[in-house]
Amino acid sequence: MQITINADAANTKNILSLLEEMGYTLPCNCHGGHHCDGRTYPFDCSLVPAKPVTITLPSSISGVIMGISLEDMVPARGTGDTILIDLGTTTVAMALIDSTTGELRQTGVFANPQKKFGSDVISRIHASLHGEEKTLTDIIRLAIAEHAAQLCSKNQQGTDSLTKCYIAGNTAMIHILMGYDCTPLSRNPFTLAESTPPPFLYNNCRVRILPWFSAFVGGDITAGMYACHMEPASSCQNSDTLLLIDLGTNGEMLLRHKGQFYSAATAAGPAFEGNGLSCGCPGIPGAISSIRLTPLRPRLTTIADRLPVGICGSGAVSLCAELLHRGFITADGILTDRFPPRGILLGYSPAKEPLYFTAEDLRQIQLSVAAIAAGIDTLCCEAGINPDDIAAAYLGGGFGFYLDMDSCRTLGLFSSLPISRIKPMGNTCLRGLFRCACGGDDISCLTVPPTHNVALAEHPFFRQQFISHMTYSG
């Protein structure tokens, strides 16, 4: 298909970057560096156009579907045949698509109803081992069935029209979904008794669950690897060092360097997803996504420009950076007397309830930031590189689109990785599932490559770096 790219004499971006802004993601690991000498596509992706230019964009290349940024896709009319499910600890994201045409039909997100058993994986595993295994399994299966029916109903079709379903999630959530024994996930050496289940039928719908890397790095990262074109089959696997970071509750990471893979999960906690904060909320309309402190009252930016209902992860990161800039926190990460005892009053909800950001909220974000930064450092240490050797870091998780990169730099969220190399990708799990569904079952995302799984909790370098990243003097 033909795409017209608008540009003028003031443009400084290459065609690849301009296409990404339009919602088209191309498998180009050199990021417009022209390493292929222009042989990959029928246009020069390194060209910086000074006027509008029309290019021919293939609908697929070697089975890779283009334009799969689900956040940017506009639902089209028609029947959907496939359900995609990103089964997270905090939230569950779903999409109804037509796998034949590659068109999006409906999307939906809902809170994981297992949260009443605890907000993190460890709590869910503990509940599973203490008599709640069947309850945990039943409630998530029921919730998925109900929301799949809702998506189909919105699309004016029944669930009997579904022929395929792709599911990915962290290993514990998939174990609970399938009713597997979670005992191996609860103690060393975390050797899994179960392997990824083969495809199975559920009400005449063929269900495929993506394989996991380890006990703590799940199939959502497998899907993300495929969404970001990091799979071993990539023709550029030896030339680029790439990192995938899922900024969710478990802080899962995958590093690829010289064809070798390194994975880890760091206990970032649920703060990045709005859980565990005094007025925290997911990235929903009305969530505070950015904050600037002014003398009279905070200046807020909310998702969809709605009245504030709470603060999501990106807003919390933004506020913590502001607190550091404005002297509410010292460079050692300690509160000063400028921080009000009750917390920072952000504003009022539509119900006129005050929204406070407390000292404990700040502590939760500090811990989350330190966990991610130290995780990056440790994976790089294992690979024998420095963070600034990474060519690109793909940022998974919906709130990455709202993150202010200057705030991330201030807090050191990505360690010493240059901010210019951070590429927010939205929900990489759904994107990877989309590619799986449209690419067929012979694709490489249905297997995981040999990987060095790094146990961060037992790693002395991780502990050292974690303490280091709790301060901001560096």
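Our structure is the block above this text.
Residues numbered from 1 in each chain as written. Predicted model: local features only at pLDDT ≥ 70, side-chain atom pairs only at ≥ 80, totals over all residues. Heavy atoms only, no water.

Draft legend 1. View of the pattern of salt bridges. Scanning all chains against the criterion turns up 7 salt bridges. Linking lysine 134 and aspartate 138 is a salt bridge whose minimum nitrogen-to-oxygen distance equals 2.7 Å. Taken together, the residues span about one helical turn, with lysine 134 and aspartate 138 both in helix 2 (residues 121-154) at a distance of 4 residues. One salt bridge connects arginine 435 with glutamate 231, and the closest N-O pair in it is separated by 3.3 Å. With arginine 435 in helix 8 (residues 428-439) and glutamate 231 in the loop between helix 4 (219-227) and strand 11 (242-246), this residue pair connects regions lying 204 residues apart in the sequence. For the pair arginine 435 and glutamate 231, one class covers both residues: buried. (Salt bridge = Lys/Arg side-chain N within 4 Å of Asp/Glu carboxyl O. Helix = DSSP H or I, 4+ residues; strand = E, 2+ residues; numbered from the N terminus. Buried < 20%, exposed > 50% of the residue type's maximum accessible area, 1.4 Å probe, protein only.)

Draft legend 2. Summary view of the environment of proline 460. Its location among the elements puts proline 460 in helix 9 (residues 460-468). We classify proline 460 as exposed; its relative accessible area is 53%. Residues proline 460 and threonine 378, 82 residues apart in the sequence, show an inter-C-alpha distance of 9.3 Å.

Draft legend 3. The arrangement of the side chain of aspartate 361 in detail. Relative to the helices and strands, aspartate 361 is located in helix 6 (residues 359-383). The charged side chain of aspartate 361 is buried without a salt bridge, its nearest counter-charge being arginine 342 at 11 Å. Separated by 2.9 Å, the side chain of aspartate 361 and the backbone nitrogen of serine 278 make a polar contact. Within the structure, aspartate 361 has its side chain in polar contact with the backbone nitrogen of threonine 358 (distance 2.9 Å). (Lys, Arg positive; Asp, Glu negative; His and termini not counted. Polar contact = N/O pair within 3.5 Å; in protein donor to acceptor, adjacent residues only side chain to side chain.)

Everything listed here is a matter of geometry and, on its own, says nothing about what the molecule does.
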